[in-house]
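Fold and contact review
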Amino acid sequence: LEQVSGRAGRGEKPGRAIIQTYSPDNYAVNLVKTHNYGEFYKKTISERKTMWYPPYSEMICIRVSGDDNETTRRGAFLFKEAFGDISKLKENMAVLGPIPAMVSKVKNKYRWQIIYKCHNADLLNDRILNAQRVVKNDKALGNVTISIDKNPISIY
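Residues numbered from 1 in each chain as written. Predicted model: local features only at pLDDT ≥ 70, side-chain atom pairs only at ≥ 80, totals over all residues. Heavy atoms only, no water.

1. What to know about the overall build of the protein
When you go through the protein residue by residue, the secondary structure sums to five helices and four strands. Taken from N to C terminus, the helices and strands of the protein fall in the order α-α-α-β-α-β-β-α-β. Over its C-alpha atoms the protein spans a radius of gyration of 20 Å, topping by over 25% the 15 Å that the globule rule assigns to 156 residues. By principal-axis analysis of the C-alpha atoms, the protein measures approximately 65 × 40 × 25 Å. For the protein, buried positions account for 30% of its 156 residues. Once local pairs closer than 6 in sequence are excluded, the contacts in the protein between residues at least 24 apart make up 67%. Accessible surface for the protein amounts to roughly 10600 Å². Of this, 52% is attributable to carbon and sulfur atoms. Taken together, the 25 basic and 16 acidic charged side chains of the protein have centroids lying 3 Å from each other. (Helix = DSSP H or I, 4+ residues; strand = E, 2+ residues; numbered from the N terminus. Rg over C-alpha atoms; globule rule 2.2 N^0.38 Å. Buried < 20%, exposed > 50% of the residue type's maximum accessible area, 1.4 Å probe, protein only. Contact = heavy atoms within 4.5 Å. Areas by Shrake-Rupley, 256 points an atom, 1.4 Å probe, with all protein chains shown as cover. Lys, Arg positive; Asp, Glu negative; His and termini not counted. Charge placed at Lys NZ, Arg CZ, Asp CG, Glu CD.)

2. As for the nonpolar core
Residues Ile60, Ile62, Phe79, Phe83, Met93, Tyr116 and Leu124 are the most contacted members of the largest nonpolar core, which totals 22 residues. Those residues in contact with Met93 that lie beyond four places of it in its chain are Trp52, Phe83, Ile86, Tyr116, Lys117, Cys118 and Leu124. (Core = buried A, V, L, I, M, F, W, Y, C linked by side-chain atoms within 4.5 Å.)

3. What about the pairing of strand β3 (residues 109-118)?
Of all 10 residues in β3, eight are buried, a share of seventy percent or more. As judged from the nine bridges shared by strand β1 (residues 58-66) and β3, these two strands associate in the antiparallel manner. Paired with Arg63 across the bridge in β3 is Gln113. Here strand β2 (residues 93-106) runs beside β3; their pairing, made up of eight bridges, is antiparallel. Opposite Lys105, over in β3, you have Tyr110 as the bridge partner. In this antiparallel pair of consecutive strands, β2 and β3, the connection spans two residues, and Lys107 shows a positive phi of 50°. (Pairing = 2+ DSSP bridges.)

Here it is as structure tokens:
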């Protein structure tokens, strides 16, 4: 939003940015009006700390894809089960899901995802690879595939 509004009127003619939103009271929308970077940073970094998002944690997005929604769902739950109980780990962790991905179907493939939050994603490599192997070796799951994205730029 800041970049768009900053570009308006750069040329010889005056310009303006029109921002359409369902959340006109959102602090980000209001702060862009005054170009208040400092306040935006303070509020955003505070939210990230509270929600344990980067830079206060690392994230791993496990995406399970397949031709059939129920089979894909079973693959996602099998992955989580094979990963193991996070409460037994020394690493402080949180797990979200499995849930349908925000974009739950792409190119006729159903998508489910699991998000792990932790302090050091590299410490989980063995568990992730083992869980991936368990899903891959389950013949009942057919062509279900697993993709692993450490510290994803976006989750969709």
